[in-house]
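The chain contents come next:
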Amino acid sequence: MNAVLVGVLVYIVVQLIIGVVVSRRINTEADYLIAGRSIGLGLATFSMFATWFGAETCIGAAGKFYEKGLAGGTTDPFGYTLALLLVGLVFAVPLWKLGLTTLADLFRQRYSTGVERFAALMLAPTSIFWAAAQIRAFGQVLHSASDLGVTAGITIAAVVVIIYTCTGGLFADVVTDLIQGIAIIIGLVFVLAVLGMSPEVNLAQAWRNLDPAKFQFFNAEESRWVVLELWALTLCGSVVAQELVARVLACKTPQVARNSALIGGGMYLAIGLIPAFLGLVGTQLLPGLENPEHILPELAEKYLPTFVFILFTGALVSAILSTVDSTLLAASSLVSHNFIVSFKPGMSDKQKLLLARGGVVLFGVIAYVLALGAESIFELVQQANGVGSSGIFVILVFGLFSKFGGAKAGMATLIVGLGTWVYGTYMGEWECTYLISLASALVTYVAVGLWERRAGPLPAAGAAS
């Protein structure tokens, strides 16, 4: 077993121990899912940053910059940075003031129990796809750091992250996010500094030798509609992600929720530009890579001393762990809290906690299967953002900022948004499936909302549909 793999395994064990120790303060469902609404600005900020700064930034996005230049950064880091800023400026305060446990709780309060359950089942796959992306990336890191095959690496990664996530709830997640966020920042900054000082690497010369086409923010070969599709997919899908909403709801005050999202967004852009830069200059340092997603690990392995490479690999592991535990917890919380418990409201907190942990194991196994079958991390991330989020986004905006529309409008919007996305993605092969599903969801909500207004008074919130 080589030194790098030993270092990675030691780092993983330390993270597991931290998660177990911190998880001992969990006594209720609220403790497990939203950390008892006790998170301060420092922890919340690092958690916002570390949860969103995952494998797709360190590996997937670097590969996209290697392959497409600046045009590859539409979603990451630029799109996700804007998403965090949007949440902080627009959504954080009103969401926090509602006293929710999950995003789907809003749909029960505003529309009906039926809308809540359907929305929860639609949101859960988004988190599972995100988890699959992280597990695949974890497997690639283990593969790069050892003689393990990619499949074996993904299998080990799945086992580790399932155990890691089951040890504690959101508070353990947030505390380890602080450590992981610091590790990510130190690791990437250290790698950039070492490469910049290495006599074998001339980053300035590599930058000057870049093809001018790499600096085009919009790819001339892609239509503007495709670019707009990516932006819409990134922004709308991120805003409705339970992982992000959970951190907003876990904050001590609405001001902490807002400011942590804004500061976290700024951190995301600043640190996200490092793998973006290395992906760009990587075309000069390691030209002709068969798999662009390998650019960062191969740069590090080729040019860094063993200790620095271990530090870099630890940073990648931190980015992955800080995201994957959140995604599995989000999927489990939606299905357990908003679907199963809604049918059995008399369950004890002990039963709810057991149910949530069981959900983590189940969805971890599903994410593992998806990770094995996917062609790339980027593919999984795009699937994660797209599944049903158009309808969710529409009913979130109307439900949060307007009294227009009721239970029927909410349910119809979810059905149409999901239906058009599924058809366009898997059968129609539309070029701009997400934009079409978003427009269809909006038109549906307005049309059914107007019909509800003419038909008579809305049913009471929380009534079964």
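This structure is a prediction, so every number in the text was calculated from the model and none was measured.

1. Examining the nonpolar core
In summary, soluble globular proteins display a tendency toward joint burial of nonpolar side chains.
Turning to step 1, where the next piece is worked out: Counting 142 residues, the largest nonpolar core has Leu95, Leu103, Phe107, Phe138 and Leu396 as the members making the most contacts within it.
Turning to step 2, where the next piece is worked out: In terms of residues, this core owes the most to one element, helix α7 (residues 113-145), which gives 15 residues.
Turning to step 3, where the next piece is worked out: When neighbours within four sequence positions are excluded, Leu103 is seen to be in contact with Leu95, Leu123, Val240, Gln242, Val245, Ile392 and Leu396.

2. Focus: helix α5 (residues 78-97)
Turning to step 1, where the next piece is worked out: Spanning 20 residues, α5 covers 29 Å between terminal C-alpha atoms, matching the ideal 28 Å at 1.5 Å per step.
Turning to step 2, where the next piece is worked out: The largest bend in α5 amounts to roughly 60° and is located at Phe91, with the proline Pro94 lying one to four residues further along.
Turning to step 3, where the next piece is worked out: For α5, the set of buried residues is Gly79, Tyr80, Thr81, Ala83, Leu84, Val87, Gly88, Phe91, Ala92 and Leu95.
Turning to step 4, where the next piece is worked out: Looking one or two residues past α5, Gly99 carries a phi angle of roughly 65°, positive in sign.

3. Describing the confidence of the model for the chain
Turning to step 1, where the next piece is worked out: With 92% of its residues at a pLDDT of at least 70, the chain reaches an overall mean of 84.
Turning to step 2, where the next piece is worked out: Mean pLDDT across the elements of the chain bottoms out in helix α17 (residues 377-386) (56) and peaks in helix α6 (residues 103-110) (96).
Turning to step 3, where the next piece is worked out: Here residues 460-465 is modelled with pLDDT under 50, and outside its nearest four sequence neighbours on either side it reaches 16 contacts, counting other chains as well.

4. Side note on the packing of α6 against helix α18 (residues 389-401)
Turning to step 1, where the next piece is worked out: Taken N-terminus to C-terminus, the directions of α6 and α18 make an angle of 60°; their axes are 10 Å apart at the nearest point. Here α6 is positioned oblique relative to α18, judged by the angle of their axes. Note on packing geometry: the crossing formed by α6 with α18 is left-handed. Counting all contacts with α6, which are made through Leu103, Leu106, Phe107 and Arg110, the residues of α18 involved are Ile392, Ile395, Leu396, Phe398, Gly399 and Leu400.
Turning to step 2, where the next piece is worked out: Across the contact of α6 with α18, the residue classes tally to 8 nonpolar, 1 polar and 1 charged.

5. A closer look at unusual backbone geometry
In most cases, non-glycine residues show a negative phi, while peptide bonds are predominantly trans.
Turning to step 1, where the next piece is worked out: We note that Ala35 has phi near 55°; this positive angle belongs to a residue other than glycine.
Turning to step 2, where the next piece is worked out: When you line up the elements, Ala35 lands in the loop between α2 (29-34) and α3 (41-52).
Turning to step 3, where the next piece is worked out: Of note in the backbone geometry, Arg37 takes a positive phi value of approximately 50° without being a glycine.
Turning to step 4, where the next piece is worked out: Locating Arg37 in the fold gives a position in the loop between α2 and α3.

6. Details of a nonpolar patch on the surface
Turning to step 1, where the next piece is worked out: Residues Val422, Tyr423, Tyr426, Met427, Trp430 and Ile436 make up a contiguous nonpolar surface patch of about 570 Å² in total accessible area.
Turning to step 2, where the next piece is worked out: No other element matches helix α19 (residues 407-428), which puts 4 residues into the nonpolar patch.
Turning to step 3, where the next piece is worked out: Here Met427 shows up in helix α19.
Turning to step 4, where the next piece is worked out: Residue Met427 is classed as exposed on the basis of its relative accessible area of 53%.

7. Things to note about the side chain of Thr101
Turning to step 1, where the next piece is worked out: Summarising the element assignment, Thr101 is placed in the loop between α5 and α6.
Turning to step 2, where the next piece is worked out: Note on Thr101: relative accessible area 14%, which makes it buried.

8. Describing the packing of aromatic side chains
Turning to step 1, where the next piece is worked out: Per the counting criterion, the structure on display carries 14 aromatic pairs.
Turning to step 2, where the next piece is worked out: With a centroid separation of 4.3 Å and 20° between ring planes, the pair formed by Phe398 and Tyr445 is classed as stacked. Of this pair, Phe398 sits in helix α18 while Tyr445 sits in helix α20 (residues 433-455); the two residues are 47 residues apart in sequence, bridging distant segments of the chain.
Turning to step 3, where the next piece is worked out: Looking at Phe398, the relative accessible area reads 19%, which means it is buried.
Turning to step 4, where the next piece is worked out: Ring-pair connections join several aromatic residues into one group, and the members of that group are Phe107, Tyr111, Phe398, Phe404 and Tyr445.
Turning to step 5, where the next piece is worked out: We note Arg117 situated over the ring of Phe343; from NZ or CZ to the ring centre the distance is 3.7 Å.

9. With respect to the packing of helix α8 (residues 150-166) against helix α16 (residues 349-373)
Turning to step 1, where the next piece is worked out: Their axes nearest at 9 Å, the elements α8 and α16 cross at an angle of 165°. Judged by the angle between their axes, α8 and α16 are roughly antiparallel. Note on packing geometry: the crossing formed by α8 with α16 is right-handed. Contact residues: α8 offers Thr151, Ile154, Thr155, Ala158, Ile162, Thr165 and Cys166, while α16 offers Arg357, Val360, Val361, Gly364, Val365, Tyr368, Ala371 and Leu372.
Turning to step 2, where the next piece is worked out: Classifying every residue of the contact of α8 with α16 by side-chain character gives 10 nonpolar, 4 polar and 1 charged.

10. Section: the pattern of salt bridges
Turning to step 1, where the next piece is worked out: Enumeration over the complete set of coordinates arrives at 4 salt bridges.
Turning to step 2, where the next piece is worked out: Residue Arg108 pairs with Glu116 through a salt bridge whose shortest N-O separation is 2.8 Å.
Turning to step 3, where the next piece is worked out: On the basis of relative accessibility, which here comes to 27%, the residue Arg108 falls in the partly exposed class.
Turning to step 4, where the next piece is worked out: Across the pair Arg247 and Asp177 runs a salt bridge whose closest N-O atoms are separated by 3.3 Å. Here Arg247, found in helix α12 (residues 242-250), pairs with Asp177, found in helix α9 (residues 170-197); they are 70 residues apart in sequence, far enough to count as distant.
Turning to step 5, where the next piece is worked out: Bridged by salt links that share partners, the residues Asp105, Arg108 and Glu116 form one connected network.

11. Topic: the environment of Ser402
Turning to step 1, where the next piece is worked out: Within the element layout of this structure, Ser402 appears in the loop between α18 and α19.
Turning to step 2, where the next piece is worked out: Taking the C-alpha atoms as reference points, Ser402 and Phe312, 90 residues apart in sequence, are found 47 Å from one another.
Turning to step 3, where the next piece is worked out: If we skip the residues at most four places from it in the chain, Ser402 touches Arg110 and Val397.
Turning to step 4, where the next piece is worked out: A polar contact is formed between the side chain of Ser402 and the backbone nitrogen of Phe404, at a distance of 2.9 Å.

12. Some details on the state of the cysteines
Turning to step 1, where the next piece is worked out: Summed over all chains, the structure comprises 0 disulfides.
Turning to step 2, where the next piece is worked out: Among the cysteines around Cys236, which has no disulfide bond, Cys432 carries the closest sulfur, lying 14 Å off.
Turning to step 3, where the next piece is worked out: Overall, the relative accessible area of 7% leaves Cys236 in the buried class.

Thresholds applied
- Residues numbered from 1 in each chain as written.
- Predicted model: local features only at pLDDT ≥ 70, side-chain atom pairs only at ≥ 80, totals over all residues.
- Heavy atoms only, no water.
- Core = buried A, V, L, I, M, F, W, Y, C linked by side-chain atoms within 4.5 Å.
- Buried < 20%, exposed > 50% of the residue type's maximum accessible area, 1.4 Å probe, protein only.
- Helix = DSSP H or I, 4+ residues; strand = E, 2+ residues; numbered from the N terminus.
- Contact = heavy atoms within 4.5 Å.
- Expected span 1.5 Å × (residues − 1).
- Bend = angle between axes of the 7 residues up to and from the residue.
- pLDDT = per-residue confidence, 0-100.
- Axes fitted to C-alpha atoms, helices over the stretch in contact; angles between N-to-C directions.
- Parallel < 35°, antiparallel > 145°, perpendicular 65-115°, else oblique.
- Left-handed = near helix turned anticlockwise from the far one by under 90°.
- Nonpolar A, V, L, I, M, F, W, Y, C, P; charged D, E, K, R; others polar.
- Patch = residues over 30% accessible without salt bridge, like charges linked within 9 Å, V, L, I, M, F, W, Y side chains within 5 Å.
- Areas by Shrake-Rupley, 256 points an atom, 1.4 Å probe, with all protein chains shown as cover.
- Salt bridge = Lys/Arg side-chain N within 4 Å of Asp/Glu carboxyl O.
- Phe/Tyr/Trp six-rings, centres within 6.5 Å; stacked < 30°, edge-to-face > 60°.
- Lys NZ or Arg CZ within 6 Å of the ring centre and 35° of its normal.
- Polar contact = N/O pair within 3.5 Å; in protein donor to acceptor, adjacent residues only side chain to side chain.
- Disulfide = S-S within 2.5 Å.

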